[in-house]
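# Architecture at a glance
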Amino acid sequence: MGSINTSVAIEIKATNPFEVKATTTALKQLAQLDNEVLVKLAELSKSPKAITQLKTNFPMIKGFLSN
């Protein structure tokens, strides 16, 4: 089955050019994920508890999930 490529314009809120670059890079990486994973991450992004856990426990979460 073929794929469909499309461009999307997204407004990014940032305080400096470094934040813009980091956010742009992260969004490009997320765009490479398959739809199922992307939808699940979007669902988690709606949860204040999930966001707090990522912010406060990221090293532990990353260590647990990394090889």
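The preceding data block contains the structure.
Notes on the structure in this doc start here. (Residues numbered from 1 in each chain as written. Predicted model: local features only at pLDDT ≥ 70, side-chain atom pairs only at ≥ 80, totals over all residues. Heavy atoms only, no water.)

### Here we look at the overall build of the protein
A count of helices and strands for the protein gives three helices and zero strands. Listing every helix and strand of the protein by position from the N terminus yields α-α-α. Taken over C-alpha atoms, the radius of gyration comes to 14 Å for the protein, far larger than the 11 Å a tight globule of 67 residues would show. Expressed as lengths along the three principal axes of its C-alpha atoms, the size of the protein is roughly 35 × 35 × 25 Å. (Helix = DSSP H or I, 4+ residues; strand = E, 2+ residues; numbered from the N terminus. Rg over C-alpha atoms; globule rule 2.2 N^0.38 Å.)

### Details of helix α3 (residues 48-65)
The end-to-end C-alpha distance of α3, which contains 18 residues, comes to just 21 Å, noticeably less than the 26 Å that a straight helix rising 1.5 Å per residue would cover. Judged by how many residues are buried, α3 sits mostly at the surface: one of 18 residues are covered. (Expected span 1.5 Å × (residues − 1). Buried < 20%, exposed > 50% of the residue type's maximum accessible area, 1.4 Å probe, protein only.)

### Focus: helix α1 (residues 17-31)
With 15 residues, α1 extends 21 Å between its outermost C-alpha atoms, agreeing within 8% with the 21 Å of an ideal straight helix rising 1.5 Å per residue. Of the residues flanking the start of α1, the one acting as N-cap is Asn16, its side-chain oxygen 2.9 Å from the backbone nitrogen of Phe18. (Polar contact = N/O pair within 3.5 Å; in protein donor to acceptor, adjacent residues only side chain to side chain.)

### Let's talk about a nonpolar patch on the surface
The grouping of Val8, Ile10, Leu27, Leu30, Leu33, Val37, Leu38, Leu41 and Leu44 at the surface amounts to a nonpolar patch, some 720 Å² of accessible area in total. Elements that contribute at least two residues to the nonpolar patch include exactly α1 and α2 (35-45). When residues in the nonpolar patch are grouped by element, the largest group, four residues, is from α2. (Patch = residues over 30% accessible without salt bridge, like charges linked within 9 Å, V, L, I, M, F, W, Y side chains within 5 Å. Areas by Shrake-Rupley, 256 points an atom, 1.4 Å probe, with all protein chains shown as cover. Salt bridge = Lys/Arg side-chain N within 4 Å of Asp/Glu carboxyl O.)

### Here's the deal with the pattern of salt bridges
Evaluated as defined, the whole model comprises one salt bridge. The partner of Glu36 in a salt bridge is Lys40, and the shortest N-O contact between them spans 3.0 Å. Of this pair, Glu36 and Lys40 are both found in helix α2, four residues apart, which corresponds to roughly one turn of the helix. Judged by relative accessible area, Glu36 falls into the exposed class, the value being 52%.

### A few points about the environment of Ser7
Along the chain, Ser7 turns up in the segment before α1. The spatial distance from the C-alpha of Ser7 to the C-alpha of Glu19 is 21 Å, given a sequence separation of 12 residues.

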